[in-house]
Amino acid sequence: MLITNIGRLHGIVPEGVRCLRGGDMAAFGSMPGAWLRADGGIISGFGKMDECPSPMPGEEIIDARRGIVIPAFCDSHTHIIYAGSREGEFVDKIQGLSYEDIARRGGGILNSADRLHDISEDELFEAALGRARLMMSRGTGAFEVKTGYGLNTDDELKMLRVAARLRESINARVRITFLGAHAVAREYTGRQSAYVDMLIAEMLPAIAETGLAEYVDVFCDTGFFTPEETRRILEAAAPFGLRPKIHANELGISGGVQVGVACGAVSVDHLEQTGEEEIALLAASETVATMLPGASFFSRLPYGNARQAVDSGAVLALASDYNPGSSPSGDMRFVMALGCIQMRLLPNEALAAVTINGAAAMELGDRCGAIAVGRDARLIIVKPGVSLDYIPYAYTEPYIERII
């Protein structure tokens, strides 16, 4: 495949760069008047249009017609395997109930767990497949998917099998995370410590035996799992090769950032509530600070302090948090727009956050999310006349010419 007449090729990085930290995000490379060649789905070359090579026999030629080309989005935090929707809770929120109020009434995550238990595995797969295809149609080329609506061993394994079927069924890179510690199962109400014991003794070995999950995640936040419980779960998962990720600081400054950094978490996600200490810890670590502005928008939560994170030198990613309760959208173009409009990121910084740094939060920074020889040719060709700055500015206007 040879793409010609690219108005500007965005997202170029030097060989070996797997993420962009702090000020480097604003310098995410670009080239005006470019061509790009891919062989077997891998970028094999690119350069200035006046040096464009001749087509090879049988090569597909794509004329970008002076439209820009950007890397496909890398969404490092989704919950797309779920049964049904939760628009009833949406109305509850409009009427003033908080996330915690809904959870205390048996809604939220427990509502989704009840529904998932009652749906067949095939029905669950078809629903998740539809959401994955919708995400891909809007430019996502790699994403992570979590369990966490099972909350017992059998249903968590059901979710894992669905995630594995997704990975085999679509042309996107898919990472899988075990999130048994998403909430305390209904039958363990008032016995949170016993639920943690069961998760460690029963769930973790069963999950590990499948070999399907790469990561383990814990919802370390106000009203959910404590830092001490989080550390226990992460340490118990380590011998199974499950690398840590953490939900933290969505509802309060929970101590989850501190536990995540101390345990070498690949990413700490949410971060709607952060102080100077949390930002400094993330900036001094290799842990990716992943913020989820779609959840802030939908749930009327504060937006994460992305500007301070970047200015402090952190590796910042933005992800969709696509889920039925607090962010029912996997449109990463909207996530990028919120990064600019609400979080004061420059468009180039926001692009880095939803591409190469999202890839880094899935340990795919050497495979996708950027333009470099040897990386995936997962690309978005943008309609002629649409600049990078225009994409988040006119955030509902169709902009995709073609997805590679």
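Just so it is clear, the structure is predicted and the values come from calculations on it, not from any experiment. (Residues numbered from 1 in each chain as written. Predicted model: local features only at pLDDT ≥ 70, side-chain atom pairs only at ≥ 80, totals over all residues. Heavy atoms only, no water.)

### Remarks on the side chain of His270
Here His270 shows up in strand β11 (residues 267-270). A polar atom in the side chain of His270 sits 2.9 Å from the side chain of Glu272. With residues near it in sequence (within four places) discarded, His270 still touches His77, His247, Ala248, Glu250, Thr290, Met291, Leu292, Ala295 and Asp321. (Helix = DSSP H or I, 4+ residues; strand = E, 2+ residues; numbered from the N terminus. Polar contact = N/O pair within 3.5 Å; in protein donor to acceptor, adjacent residues only side chain to side chain. Contact = heavy atoms within 4.5 Å.)

### Details of the packing of aromatic side chains
Summed over the entire model, instances satisfying the criterion amount to seven aromatic pairs. Pairing Phe334 with Tyr395 gives two aromatic rings, centres 6.2 Å apart and planes at 40°, and the pair type is tilted. Taken together, the positions of Phe334 in helix α12 (residues 332-341) and Tyr395 in the loop between α15 (390-393) and β15 (400-403) put the pair 61 residues apart, joining distant regions of the chain. Pairing Tyr390 with Tyr393 gives two aromatic rings, centres 5.5 Å apart and planes at 55°, and the pair type is tilted. Taken together, the residues span about one helical turn, with Tyr390 and Tyr393 both in helix α15 at a distance of three residues. (Phe/Tyr/Trp six-rings, centres within 6.5 Å; stacked < 30°, edge-to-face > 60°.)

### So, the layout of surface pockets
Of the voids in this model, the largest pocket is the one considered here, and its volume is about 420 Å³. Lining of the largest pocket is provided by 25 residues; of these, Ala103, Arg104, Leu110, Gly223 and Phe224 occupy positions nearest its centre. When residues of the lining of the largest pocket are traced back to their parent elements, those giving at least two are α1 (87-94), α2 (99-104) and α3 (109-118). Counting residues per element, the lining of the largest pocket draws most heavily on α2, at five residues. (1 Å grid on protein atoms, 1.4 Å probe; cavity = no way out; pocket = protein on both sides within 12 Å on 5 of 7 lines; lining within 4 Å. Points joined across faces, edges and corners; volume = space filled by probe spheres on them.)

### Quick look at the packing of α12 against helix α13 (residues 347-354)
Between α12 and α13, whose axes approach to 9 Å, the crossing angle comes to 135°. Taken together, α12 and α13 sit at an angle that is classed as oblique. Between α12 and α13 lies a crossing of right-handed hand. On the side of α12, the interface is formed by Met332, Val335, Met336 and Cys340, while α13 contributes Pro347, Ala350, Leu351 and Val354. Residue composition of the contact of α12 with α13, by class: eight nonpolar, no polar and no charged. (Axes fitted to C-alpha atoms, helices over the stretch in contact; angles between N-to-C directions. Parallel < 35°, antiparallel > 145°, perpendicular 65-115°, else oblique. Left-handed = near helix turned anticlockwise from the far one by under 90°. Nonpolar A, V, L, I, M, F, W, Y, C, P; charged D, E, K, R; others polar.)

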